[in-house]
Amino acid sequence: MNHRLRTFAPVLPVVAVIALLGLPLTPGESGAGPADAVSGLVVLYCGIRLLRDRSRPLTPTAVAVMGLPVIGLSIAAMGASSPGAGLSGLGRYLQIFVLVPAAVVLLIRDRRDFRLLAWSFVSLALWQGGIGVKQYVTATGASYQGEDIRAVGTFGPTDVMGMATVVSFGLICALALALGRNDARQRAVAAACAFALLIPLALSFSRGAWIATAATCAIQLALAGLRRALKVAAAVTAAGVVLVGGFGVGTAMLQERIDSITQVTDAPDQSVIDRYTMWAAATAMWREHPLTGVGLKGFPEHRDGNASLALSSGSDTEGAGAAFLKQPLLSPHNMYLLVLSEQGLIGLVTLAGSWLALLVCALRGLFRVHRTKLPGLDCALVSSGLLTWQLIDFMYADIGGPSTVLTAVVFGVVAWWSLVGANEEERLVTVVPVRASAEGALTL
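Just so it is clear, the model here is predicted, and its values are computed rather than measured.

Draft legend 1. Spatial organisation of the overall build of the chain. For the chain, the helix and strand inventory stands at 17 helices and 4 strands. A buried classification covers 49% of the 444 residues belonging to the chain. Contacts spanning at least 24 positions in sequence make up 79% of the contacts within the chain whose residues lie at least 6 apart. On the chain, roughly 19,700 Å² of surface is accessible, and the fraction owed to carbon and sulfur atoms is 67%.

Shown next, in the form of structure tokens:
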């Protein structure tokens, strides 16, 4: 046991960040939590290790890709309404998209560390999902249509996307591990975890998470190969029949929520109206300041001057141990429009450009693994899946709340495969033939 701990010692601080997201939060708490504090310590720990032995500096390519958002963030921070708002906003963005991801890249040493983090995502998802299912069964969750049945895990009603995000990440990691080339027992356990996580994901009543997860899993199956895709699709269909027909998972409320996905333009509910109104407000802010935006944390200040009267006063939240609260609408619930309104085209190009570069590198590494048949398919599917889910979900959500720190870890995991792990596979491809020819020469 001690030997195993020493083996994984460098990456254990990152595991601690993930584990701390399983702790219950104070009712009504929606800001930074213990995991955020530990993520800062992880950055400090990584900096000390780097200064001490300088064994794993980032490559120039990694520095360019991961440091690109700093340009837009710095300009937007200077354009903030106050120095305090600029500094706090800059610190939050650097934490989520630069510092913590870079620390994760430096602390992951090989695929064993990578898989440990992937299983940590799965474990956290099972924990939060289990709590969410209990909340639904015992009617102790967040309020949904007058009943306290919405599964939110330990995140509470002020972060209803928290559990859905955690469960989605865990399901994507579990599916990737099940589709990899690991031993059969590990693949079977991962597949069982993926099926189990479908229940809490459904009970989260989060339409954005459903859409992002369904699209991502379909892409993962396609990238894993047609034969595996057909097998898993058949298994998912059978599991759906059993869950819905045998166990009754699929209440009228759940069916109504599913149907509402196709009704967002015909008969949208108030939450959809609020979202469309805030999207329009964010677009109007960008038109006034196309290059640099209104400044970091400037959306709430400029919202009322750009939003129509259709916008409600806030979102009603209660349940899961918290009293009734009118939660103000302080962001457009679309990461791309939030960046566009506050950072302008410069911020969107630099931030989204960094994400696109990571996605291209991740997919390139995945295709290389397919072509060479070398190990690492599970790692490639995990990173490609996590980033794909995040980029799709950003169309319905933005950063905020205690679960946001997990997004930083996700970008770090993705960056390791895209900028380090995939390149290691390339070195293996070039080194193996050289060794073979040298041995052949010796034999002759």
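Now that the structure has been shown, the text picks up again.
Draft legend 2. Geometry of the pattern of salt bridges. Under the defined criterion, the tally for this structure stands at 5 salt bridges. The salt bridge involving Asp110 is made with Arg112; its shortest N-O contact spans 3.7 Å. Taking the relative accessible area as the measure of exposure, Arg112 reaches 48% and is therefore partly exposed.

Draft legend 3. A look at a positive patch on the surface. Together, Arg181, Arg227, Arg228, Lys231 and Lys373 give the surface a local cluster of positive charge. For Arg181, the position within the fold is in the loop between helix H8 (160-179) and helix H9 (184-203). Its relative accessible area of 34% is what places Arg181 among the partly exposed residues.

Draft legend 4. Up close: the side chain of Gln220. Along the polypeptide, Gln220 turns up in helix H10 (residues 207-224). Under the relative-accessibility criterion, Gln220 is labelled buried at 2%. Leave out the neighbours within four places in its chain, and Gln220 touches Ile172, Leu175, Ala176, Leu179, Leu381 and Gly385.

Draft legend 5. Structural view of the environment of Thr140. Tracing the backbone shows Thr140 in the loop between helix H7 (111-138) and strand E1 (142-144). Taking the C-alpha atoms as reference points, Thr140 and Val152, separated by 12 residues in sequence, lie 9.9 Å from one another. Of the polar contacts made by the side chain of Thr140, one reaches the side chain of Thr138; its length is 2.9 Å.

Draft legend 6. Quick look at the packing of aromatic side chains. In this structure the tally under the stated criterion is 12 aromatic pairs. With centroids separated by 4.4 Å and ring planes inclined at 20°, the aromatic side chains of Tyr144 and Phe205 adopt a geometry described as stacked. A residue pair is termed long-range when its members are at least 10 positions apart, and Tyr144 in strand E1 and Phe205 in the loop between H9 and H10 qualify at 61 residues. You can call Tyr144 buried: its relative accessible area is 8%. Residue class for Phe205 comes out buried when judged on its relative accessible area of 0%.

Draft legend 7. Structural context of empty space enclosed by the protein. Using the criterion set out here, one finds 3 cavities of 30 Å³ or more in the structure. In this structure, the largest cavity occupies an estimated 70 Å³ of space. In terms of lining, the largest cavity is formed by Val65, Met66, Pro69, Phe97, Pro101, Leu351, Ser354, Trp355, Leu358, Phe411 and Ala415. Listed by contribution, the elements that provide at least two residues to the lining of the largest cavity are helix H4 (60-67), helix H6 (83-107), helix H15 (335-372) and helix H17 (404-443). Sort the elements by how many residues they give to the lining of the largest cavity and H15 lands first, with 4 residues. Lining the second largest cavity, in full, are Leu20, Leu21, Leu23, Leu25, Gly33, Pro34, Ala35, Thr154, Phe155 and Pro402. Tallied by class, residues from the lining of the second largest cavity come to 8 nonpolar, 2 polar and no charged.

The rules behind each value
Residues numbered from 1 in each chain as written. Predicted model: local features only at pLDDT ≥ 70, side-chain atom pairs only at ≥ 80, totals over all residues. Heavy atoms only, no water. Helix = DSSP H or I, 4+ residues; strand = E, 2+ residues; numbered from the N terminus. Buried < 20%, exposed > 50% of the residue type's maximum accessible area, 1.4 Å probe, protein only. Contact = heavy atoms within 4.5 Å. Areas by Shrake-Rupley, 256 points an atom, 1.4 Å probe, with all protein chains shown as cover. Salt bridge = Lys/Arg side-chain N within 4 Å of Asp/Glu carboxyl O. Patch = residues over 30% accessible without salt bridge, like charges linked within 9 Å, V, L, I, M, F, W, Y side chains within 5 Å. Lys, Arg positive; Asp, Glu negative; His and termini not counted. Charge placed at Lys NZ, Arg CZ, Asp CG, Glu CD. Polar contact = N/O pair within 3.5 Å; in protein donor to acceptor, adjacent residues only side chain to side chain. Phe/Tyr/Trp six-rings, centres within 6.5 Å; stacked < 30°, edge-to-face > 60°. 1 Å grid on protein atoms, 1.4 Å probe; cavity = no way out; pocket = protein on both sides within 12 Å on 5 of 7 lines; lining within 4 Å. Points joined across faces, edges and corners; volume = space filled by probe spheres on them. Nonpolar A, V, L, I, M, F, W, Y, C, P; charged D, E, K, R; others polar.

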